[in-house]
Structures are given as structure tokens and as C-alpha cells.
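Observations on the three-dimensional arrangement
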Amino acid sequence: MTDAARGRDPTWAAARRRIEQGDHYCGPDGPRPRRRKVVFTRLLDLFAWGLKLTPLYRRGVHNALDLRRTEFEIEVPGLPSAFDGYRILHVSDTHLDVLPDLVPAARRLLDGVEVDLLALTGDVHGDHHAPVEASAGHLMEALSDVRVNGPRLAILGNHDSEAMADTLESLGFDVLINRSIVIERGADRLGITGLDDVNSFYTDAARKALDGPAEACRLALIHSAEMADHAAEAGYALYLAGHTHGGQICLPGGRPVFSTLTRCHHGAVGLWKQGTMTGYTNSGLGVAYPPVRFNCRGEVAIITLRDGR
């Protein structure tokens, strides 16, 4: 199936591959040298090597497997009445190829869950040396006992290559790459816009999609919170993100040591506000390397929308 048939810009894949193979990552505020991330990755490798020599490594892996299911309601201004009580399963940053033992833990956590919408906000992939089919297969196993009564929507994260879009489409997801869909319940309509990753693979097409023709009530699925100001200005009511893993390694009290955000740092963890728009940054189901967590639990979130009028 062609990109046009999937509703994608036919030039998107080539543009994405150019950034993937280039010397710079691209964010909303412009390009930044890829070598910066290379240096950060080397430092992480050194940290992981040292951590493995201590009992803290085993404790950190144990912490990573201690998942939680976060459930809460959000009042959404302008929410059509037919969508009052609409349940969204928000899953992000699964990275299950990095720590496959998370698969059975996640499956137990999600057993019997029933929702109206599944929103996957990027970073299915984790280990760049692993095939995308492997990480996607782990994801489907983790979600196998979830009942979804409506759409299964996904976007790409900064760890996901261009090839992940086709892989997720083949598994039944509608992958939103700088485009919007409308969900209808009777005469009521809810708009959802999904962008390609904006932390590392931002293009002007993302901003144009965000500012495109609008439904009265719109939700944004964006891998990181780095477009929060633009989304609020465009009139979105709810913004769902991931990317930060909640910090993954945090100080006591859950304060992240690093957020990995280049802008909109207030959206690093949990619930936040940008003007009248509510945002939620999921702490992620999985982990990046090293596969440990401290003072920060992995999660899936079940969000119930409520009419805020």
C-alpha cells in the first residue's frame, strides 16, 4: 500500500530517511548535531558498566519490572457529550526489545482492560540492532488481552525508524504521521491529530498538521511535550506524550535527573497545563539502556474524558 493510500504525505518517508542518515537531528527550534547524542550515549554506556558492578543494577532491573496502571479522569473543555466517559489506554515508550521480561509483566497488568481508544505515543523500538518486527511483536503480545472497542492509533518516536510505520500498520494500527482523523459518535465528533516525532525528526509538515482544519474538540498525540505551546495556541484540548520515561532514573521524590526535552520542560512528567490545554506525559512502559529505574515506575495510563463544561 502506498503512503498516499494510507493518508500520508508521499514525500514523508524520503524526508524521514534523510534525517535518519544525516549528521543532525531536527527539533522545533532547529537542527542540532548528532554527535551530541553520541557523546551522551557513550556516557550512559560507561554509567551502565559501572552500575553492573554493584548490587544497584539488579535492584534497578527489578524496579523496571514493577509496573503500575495509572487511572484518572480529565475534564476536557468543549468535549462533545457523546464522548463523556470515553476511555483511552495511553501506552508509550515500550522498548520491549531492551527488556523482554516486561512482556509478561505488562500482559498481567493489562489483562481484562477494556477501552474505547488505544493511543500509542511512540518508541516501540529500543535496541537499534534489533529488527523492528521483534519489538512490535513484543508489543502485540503485551497488548493481547486488551479489548479496544474503537481505533488503535499510533505515532512514531525518536527511536522508531521510518520502517516502524509500515510494521505497525500491518498489525492493525492506524499510524498518524502529520495528519488528523475524526471519530464520530452520532452527530458528535472528536478530532485527533498525530505527528511524527518532533524531538529528532521535526519538519514543517508537523506544524502544518497541527495548525490544520479543526474540529471543535481536538486531541494531540505527539511523542514529546516539545510542541505544547504550539498545540495550545492551535486550540487543542488534550495533549498526550511520552519520551522522557518520567526520568527513568530520578532523585527521591521522582524528580528526573535528565528530561531529554529541548523545550517545554514543564511537560516532562505526568499531568501539566499549557494555557487551557491539559497535557499528560506518560512515564513509559519500558526502559532505554541501561534497563533500570530508580524512584520512577513504568506505567500504562487509562484516561477517562469528562465534559468540562
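Residues numbered from 1 in each chain as written. Predicted model: local features only at pLDDT ≥ 70, side-chain atom pairs only at ≥ 80, totals over all residues. Heavy atoms only, no water.

1. Section: the sheet that holds strand β10 (residues 179-185)
- Ordered by their spatial adjacency, 6 strands build an open sheet running β10-β11-β12-β13-β17-β16, and the pairing between neighbours is mixed. Looking at the sheet topology across the chains shown, the edges are occupied by β10 and β16 (270-274). Between one strand and the next, the sheet's axes are offset by a mean angle of 20°, whatever the strand orientation.
- Pairing of β10 with strand β11 (residues 188-194) involves 7 bridges; the strand directions are antiparallel. Each bridged residue has a counterpart across the sheet, and for Ile-183 the counterpart in β11 is Leu-190. (Pairing = 2+ DSSP bridges. Helix = DSSP H or I, 4+ residues; strand = E, 2+ residues; numbered from the N terminus. Axes fitted to C-alpha atoms, helices over the stretch in contact; angles between N-to-C directions.)

2. Side note on the layout of surface pockets
- Reported here for the largest pocket is a volume of approximately 1500 Å³.
- Breaking the lining of the largest pocket down by element, the ones donating at least two residues are β2 (30-33) and α2 (34-51).
- Per-element accounting of the lining of the largest pocket gives the leading share, 10 residues, to α2.
- A class-by-class count of the residues in the lining of the largest pocket yields 18 nonpolar, 18 polar and 9 charged. (1 Å grid on protein atoms, 1.4 Å probe; cavity = no way out; pocket = protein on both sides within 12 Å on 5 of 7 lines; lining within 4 Å. Points joined across faces, edges and corners; volume = space filled by probe spheres on them. Nonpolar A, V, L, I, M, F, W, Y, C, P; charged D, E, K, R; others polar.)

3. Overview of the side chain of Asp-160
- By the secondary structure assignment, Asp-160 is in the loop between β8 (152-155) and α6 (163-170).
- Buried within the structure, Asp-160 lacks any salt-bridge partner; Arg-16 is the closest side chain of opposite charge, at an N-O distance of 6.2 Å.
- There is a polar contact of 3.0 Å between the side chain of Asp-160 and the backbone nitrogen of Val-124.
- A distance of 2.9 Å separates a polar atom in the side chain of Asp-160 from the backbone nitrogen of Gly-157.
- Discounting residues that sit within four places of it in the chain, Asp-160 has contacts with Arg-16, Glu-20, Gly-122, Asp-123, Val-124, His-125 and Ile-155. (Buried < 20%, exposed > 50% of the residue type's maximum accessible area, 1.4 Å probe, protein only. Lys, Arg positive; Asp, Glu negative; His and termini not counted. Salt bridge = Lys/Arg side-chain N within 4 Å of Asp/Glu carboxyl O. Polar contact = N/O pair within 3.5 Å; in protein donor to acceptor, adjacent residues only side chain to side chain. Contact = heavy atoms within 4.5 Å.)

4. Re the sheet that holds strand β9 (residues 174-175)
- What the 6 strands build is an open sheet, ordered β3-β18-β4-β6-β8-β9; its pairing is mixed. Two strands lie at the open edges of the sheet, namely β3 (68-76) and β9, each paired on one side alone.
- Across 4 bridges, the pairing between strand β4 (residues 87-91) and strand β18 (residues 299-307) is antiparallel. Following the sheet pairing, Leu-89 is matched in β18 by Ile-302.

5. Here's the deal with the pairing of β18
- Burial analysis of β18 places 7 of its 9 residues in the buried class, which makes it a mostly covered element.
- As paired elements, β3 and β18 share 9 bridges and run parallel to each other. Along β18, the bridge assignment pairs Ile-74 with Leu-305.

6. Some thoughts on the pairing of β2
- The pairing of strand β1 (residues 24-27) with β2 spans 4 bridges and is classified as antiparallel. Note on β2: the bridge partner recorded for Cys-26 is Pro-31.
- Hairpin remark: β1 followed by β2, antiparallel, with 2 residues in the connecting loop.

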